[in-house]
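Given next are the chains, with one letter for each unit.
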Amino acid sequence: MAQDARLARWRADTPGCEHVNHLNNAGAALMPRPVVDAMTAHLALEARIGGYEAADAVRGQVDETYGLFARLLGAEPRNIALVANATTGFIQALSSFDFAPGDTILTSRCDYTSNQIQYLALAKRQGVRILHADDLPEGGIDPDSVHRLLRANRVRLVSVSWIPTNSGLVQDVAAVGRVCREAGTPFLIDACQALGQIEIDVAALHCDYLSATGRKFLRGPRGTGVLYASDQALARGDHPLFVDMRGAVWSSPDAYELAPTAKRYEDWEFPYALVLGMAAAARYALTVGVGTARELAWALAARARDGLAAMPGVRVLDRGCTRCALVTFDRPGRDAERVVAALSARKINTVASLKWYNQYDFVEKQVDAAVRMSPHYYNTEGEVDAFLEAVREALAGA
Ligand SMILES: Cc1ncc(COP(=O)(O)O)c(C=O)c1O
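**A few points about the overall build of the chain**
Thought 1: Along its length, the chain carries 15 helices and 15 strands.
Thought 2: Against the 2.2 N^0.38 benchmark of 21 Å for 398 residues, the chain shows a C-alpha radius of gyration of 21 Å, consistent with a compact globule.
Thought 3: Projected onto its principal axes, the C-alpha positions of the chain cover 70 × 60 × 35 Å.
Thought 4: For the chain, with 398 residues in total, the buried portion stands at 50%.

**Quick look at the nonpolar core**
Thought 1: Among the nonpolar cores identified, the biggest contains 121 residues, and Ile189 and Leu227 are the most heavily contacted of them.
Thought 2: Ranked by residue count, the leading element in this core is helix H11 (residues 272-288), at 13 residues.
Thought 3: Each of domain 1 (3-30 + 290-397) and domain 2 (35-287) gives at least three residues to this core.
Thought 4: Filtering out sequence-adjacent residues up to four positions away, Leu227 remains in contact with Ala81, Val83, Gly89, Gln92, Ala93, Tyr209, Ser211, Ala262 and Tyr265.

**Considering the sheet that holds strand S3 (residues 104-107)**
Thought 1: Taking strand neighbours across the sheet as the criterion, the seven strands line up as S2-S8-S7-S6-S5-S3-S4 in an open arrangement whose pairing is mixed. Each edge of the sheet is formed by a strand with only one pairing partner; in this case those strands are strand S2 (80-83) and strand S4 (129-132). Averaged over neighbouring strand pairs, the angle between their axes works out to 20° when direction is ignored.
Thought 2: Where S3 lies against S4, four bridges are found, and the strand directions are parallel. Pairing of Thr107 across the sheet is with His132, part of S4.

**Some details on helix H15 (residues 381-397)**
Thought 1: Helix length check: H15, at 17 residues, gives a terminal C-alpha distance of 24 Å against a target of 24 Å (1.5 Å per residue), a fit within 8%.
Thought 2: Along H15, the residues classified as buried are Val384, Phe387, Ala390, Val391 and Ala394. The buried residues of H15 occupy an angular sector of 125° when the element is viewed end-on, so they sit on one face. Set apart from the buried face of H15 by more than 90 degrees, the exposed residues are Gly382, Ala396 and Gly397.
Thought 3: Contacts from the buried residues of H15 go to strand S1 (21-22), helix H12 (290-309), helix H13 (336-345), strand S13 (348-349) and strand S15 (369-373).

**Focus on the environment of Val158**
Thought 1: When you line up the elements, Val158 lands in strand S5 (residues 155-161).
Thought 2: The exposure class assigned to Val158 is buried, which follows from the 29 C-beta atoms found within 10 Å.
Thought 3: Along the primary structure Val158 and Ile189 are separated by 31 residues, whereas in three dimensions their C-alpha atoms are 8.5 Å apart.
Thought 4: Here Val158 is in contact with Leu106, Val146, Val176, Cys180, Thr185 and Phe187, once residues within four sequence places are set aside.

**Some remarks on the packing of helix H7 (residues 143-152) against helix H8 (residues 173-183)**
Thought 1: Direction vectors running N to C along H7 and H8 enclose 20°, while the axes themselves pass 9 Å from each other. With respect to H8, the element H7 is oriented roughly parallel. Considering how the two elements wind past one another, H7 and H8 form a crossing that is right-handed. Facing H7, whose interface residues are Pro143, Val146, His147 and Leu150, H8 presents Ala175, Val176, Val179 and Ala183.
Thought 2: Looking at side-chain class alone, the contact of H7 with H8 contains seven nonpolar, one polar and no charged residues.

**What about the domain arrangement of the chain?**
Thought 1: With domains assigned, the chain is organised as domain 1 (3-30 + 290-397) and domain 2 (35-287).
Thought 2: Computed from C-alpha coordinates alone, the two centres of domain 1 and domain 2 are separated by 26 Å.
Thought 3: Contact residues are listed per partner, giving 31 residues for domain 1 and 25 residues for domain 2.
Thought 4: Where the side of domain 1 that touches domain 2 is concerned, the elements lending two or more residues are H12, strand S12 (327-330) and helix H14 (361-364).

**With respect to the pairing of S15**
Thought 1: Summarising burial for S15: five of the five residues are buried, a large majority.
Thought 2: Side chains Ala369, Val371 and Met373 of S15 all project onto a buried face; the interleaved residues Ala370 and Arg372 project onto the opposite face, where all are buried too.
Thought 3: Where S12 lies against S15, three bridges are found, and the strand directions are antiparallel. Each bridged residue has a counterpart across the sheet, and for Thr328 the counterpart in S15 is Arg372.
Thought 4: With four bridges joining them, strand S14 (residues 351-354) and S15 adopt antiparallel strand pairing. Each bridged residue has a counterpart across the sheet, and for Ser353 the counterpart in S15 is Ala370.

What counts and what doesn't
Residues numbered from 1 in each chain as written. Predicted model: local features only at pLDDT ≥ 70, side-chain atom pairs only at ≥ 80, totals over all residues. Helix = DSSP H or I, 4+ residues; strand = E, 2+ residues; numbered from the N terminus. Rg over C-alpha atoms; globule rule 2.2 N^0.38 Å. Buried ≥ 20, exposed ≤ 12 C-beta atoms within 10 Å, placed from the backbone. Core = buried A, V, L, I, M, F, W, Y, C linked by C-beta atoms within 7 Å. Domains from an automatic or database assignment. Contact = placed C-beta atoms within 7 Å. Pairing = 2+ DSSP bridges. Axes fitted to C-alpha atoms, helices over the stretch in contact; angles between N-to-C directions. Expected span 1.5 Å × (residues − 1). Arc of directions from axis to C-beta. Parallel < 35°, antiparallel > 145°, perpendicular 65-115°, else oblique. Left-handed = near helix turned anticlockwise from the far one by under 90°. Nonpolar A, V, L, I, M, F, W, Y, C, P; charged D, E, K, R; others polar.

And the structure:
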């Protein structure tokens, strides 16, 4: 199908396109109609016949969901856990490690805000040490620095955000994964912003765990996430600290038996309607093709960066050799939140990224707050141009 026809089809499938210029896909993308339909149909079924009975009726579809996510991640259904959000998956993975005082978590300077807070909480409560690997000169974690730090320290876990929340940087997690494998150190990837905009093959990433969310570039519903747990992690007997009766069976008065698959990371109470929405989003992404999504979204982001860079005083803040569909910029002296509000008044959706979201990256860049725009494959060049025009006017009027 010609590109224009495909775009028209994707937009016709997306009711929100009629109402907004949605450039906040890194926040939550507009859901396509099949996602919304899958959820509303299940809610109607729950209302009609009862929640547990409705769950029984869709068991086959729920089972299929694991296969769809396995395809998206290059894994097997047994490696997939469906969880409440990326952070929940990340925490479930993190809590599988019994950290002792002095154990080290090695991470990147661009790791996601909540992850950094969680490392600090582990430091405070369990005496864990946190090390941040150096960045490459062009930005993003330096795999050689990871290698050096692994040799010199007792590192229990390496944990890296593939794409941080506050810039268009794509970190080289495959190179970090190779270093971890050589050293035999477990590796956890936060792929929250990657799922749906970058093809994922967990085998090539050499990760033990990978967490992601449903609502961003995958275009699924809010309140959904996925966790990949490798066969190696499952075979080690890894499980979350607070495993529940979905993840394990209470097999005798003083013992429990783990679920053999990654379901050990799930909760017994399961949002069936949301999971069916997630399945529809995964199916939709596989039909569009994640490679196609990446090419189109990244081209729109590059167009936005070029337009922004040409505006006097505007700083495009994204670093790294590879830059994705997140675009961040500021204009020193101008309030990012007011720019976002001015865009919103024109029905152009973006968000502000605040200084405290990254105490390393934004401090180094001397950013108080940045505007973040994030196109996806269903956006148009016209929408990016309308955004650029609105930014020009917002900055002139501020
Ligand atoms: C890099 C990154 N990791 C994790 C998250 C958290 O995702 P969730 O809200 O689904 O827990 C976000 C959310 O913006 C993110 O950008």
